Amino acid sequence: QVQLVQSGGGLVQPGTSLRLSCAASGSIFSINNMGWYRQAPGNQRDWVATISSGGSTNYADSVKGRFTISRDNAKNTVYLQMNSLKPEDTAVYYCRVFTVVGARTDAYWGQGSQVTVSS
């Protein structure tokens, strides 16, 4: 089992920056990929970014060049640095962590962080 605790989020103006954090505890030895998703009101939960255990990153086209995902393996934490925020980035952001033990893969969600971009 892995427990995830998110921090960050809030109300910001367009063009500004925000950083989200997601700290993992529990069976952290088995953590593999880590990622971020977001869900706007009335929409499905969409993938935002992923970082592998080796540090390789991938981003959704909508955030490429503005958002940066990173991880600190010593702190078992994944971050999402969001720059040049737009109103359409408004959503609840969720971290997701994948664990691999032998042939079994499990996924865990953070509790969600509200990000509101508005003037």
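One can find the structure itself at the top, above this paragraph.
Chemist: It is not clear to me how the sheet that holds strand β8 (residues 77–82) should be interpreted in this structure. Could you clarify?
Modeler: Two orientations exist for strands paired in a sheet by backbone hydrogen bonds: parallel and antiparallel. Sheet architecture is open: 4 strands sit in the order β1-β3-β8-β7, paired in antiparallel fashion. Of all the strands in the sheet, just β1 (2–7) and β7 (67–72) have a single pairing partner and so form its edges. If you compare each strand with its neighbour and ignore which way they point, the axes differ by 15 degrees on average. Alignment of β1 against strand β3 (residues 18–26), held across 6 bridges, turns out to be antiparallel. Looking at the pairing, Val2 lines up with Gly26 of β3.

Chemist: Hey, could you run me through the pattern of salt bridges in this one?
Modeler: Opposite charge on two side chains makes pairing possible when the charged atoms of those side chains draw close. In the structure shown here, the tally under the stated rule is 4 salt bridges. For the salt bridge of Arg66 with Asp89, the shortest nitrogen-to-oxygen distance reads 2.7 Å. With a gap of 23 residues between them, Arg66 in the loop between β6 (57–59) and β7 and Asp89 in the loop between β8 and β9 (91–101) connect regions that are remote in the sequence. Among the ionic pairs, Asp106 bridges to Arg104, the shortest N-O distance being 2.8 Å. Several salt bridges share partner residues, and in doing so they unite Arg38, Arg66 and Asp89 into one network.

Procedures and definitions
- All residue numbers here refer to positions counted from 1 along the written sequence of the relevant chain.
- A pLDDT threshold of at least 70 governs which residues receive local features in this predicted model, and a stricter bar of 80 or more applies before side-chain atom pairs are shown or counted, although totals over entire chains, interfaces and linings include all residues.
- Remark: hydrogens and water are excluded; side-chain values derive from all non-hydrogen atoms of the structure.
- Criterion used throughout: strands pair if DSSP finds at least two bridges between them.
- Numbering goes from the N terminus for both helices and strands, where a helix is a DSSP run of H or I of at least four residues and a strand is a run of E of at least two.
- Helix axes use the C-alpha atoms of the stretch in contact, all axes being lines fitted to C-alpha atoms, and the angles between their N-to-C directions lie in the range 0 to 180 degrees.
- Salt bridge, as used here: a side-chain nitrogen of Lys or Arg that lies within 4 Å of a carboxyl oxygen of Asp or Glu.

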